[in-house]
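Chains, contacts and geometry: an overview
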Amino acid sequence: LGEEEKQVLILGAGKVAGSCAEYLGRDRSTTVVVASMFEDEAMAVAKNAARGKAVTCDLSKPSDKLRHLVEEADVVVSLLPAPMHAMVAEKCVSLKTDLVTASYESEEMQALRSSSEEAGVAILNEVGLDPGMDHMSA
């Protein structure tokens, strides 16, 4: 019996990303793609996963790169700065890809609630933990 292949996209390669990639990448049927502006940081984080892959992506500039990455993913984990989550969430909703963030739910994210529900997309912010998913996995 073969396990279903899965792909997790981690956006950001800061301090929390290494632990996240290691944990999510323990399952050999899961490919963990780490996207960062900085190739060396993405590569260092991706090495923590059994099947890690690094890509460069500057989300501060308009491009189709985010769209392509989200299309390939089964779930997106955004470890980007909080102000960038709404842009990522909008892309996830439009492509029907679930999203997890490490930030509290902002007003911009709350505004996406009905469209995400209509699309059948789960958006989990902070996952109800305090001091937070980011602090616990660092």
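Residues numbered from 1 in each chain as written. Predicted model: local features only at pLDDT ≥ 70, side-chain atom pairs only at ≥ 80, totals over all residues. Heavy atoms only, no water.

**Here we look at empty space enclosed by the protein**
Which entries qualify depends on this criterion: Grid spacing is 1 Å over the protein atoms alone, the probe is 1.4 Å, and a cavity is where that probe fits but cannot get out, while a pocket is an open set with protein on both sides within 12 Å along at least five of seven lines and lining residues have an atom within 4 Å of a point. Grid points are joined across faces, edges and corners, and a volume is the space filled by probe spheres set on the points. Gly is put with the polar residues, along with every residue not named as nonpolar or charged; the nonpolar set is Ala, Val, Leu, Ile, Met, Phe, Trp, Tyr, Cys and Pro, and the charged set is Asp, Glu, Lys and Arg.
Counting across every chain of the model gives one cavity of 30 Å³ or more. Here the largest cavity is characterised by a volume of approximately 30 Å³. Its residues assigned to classes, the lining of the largest cavity comprises three nonpolar, five polar and no charged.

**Thoughts on the layout of surface pockets**
Unfilled space is identified by rolling a water-sized probe across the atoms. Its volume calculated, the second largest pocket comes out at about 230 Å³. In terms of lining, the second largest pocket is formed by 17 residues, of which the most central are G12, S36, M37, L80 and P81.

**Overview of the sheet that holds strand β1 (residues 6-11)**
Where we set the bar: Following DSSP output, two strands are said to pair if at least two bridges run between them. Helix and strand definitions here come from DSSP, where helices need a minimum of 4 consecutive H or I residues and strands a minimum of 2 consecutive E residues; each element is numbered from the N-terminal end. Here the axes come from fitting lines to C-alpha atoms, over the contacting stretch only for helices, and the angles between their N-to-C directions go from 0 to 180 degrees. Between two residues, a contact is recorded if the distance between any of their heavy atoms is within 4.5 Å.
Spatially, the six strands line up as an open sheet ordered β3-β2-β1-β4-β5-β6, and their pairing is parallel. What marks the edges here is a single partner per strand, and that holds for β3 (52-56) and β6 (123-125). Pairs of neighbouring strands in the sheet enclose a mean axial angle of 20°, with direction left out of account. The pairing of strand β5 (residues 98-101) with β6 spans three bridges and is parallel. In the strand pairing of β6, T101 is matched with N125. Seen against the sheet, helix α3 (residues 65-72) touches β1, β2 (30-36), β3 and β4 (75-78) and runs at an angle of roughly 145° to β1.

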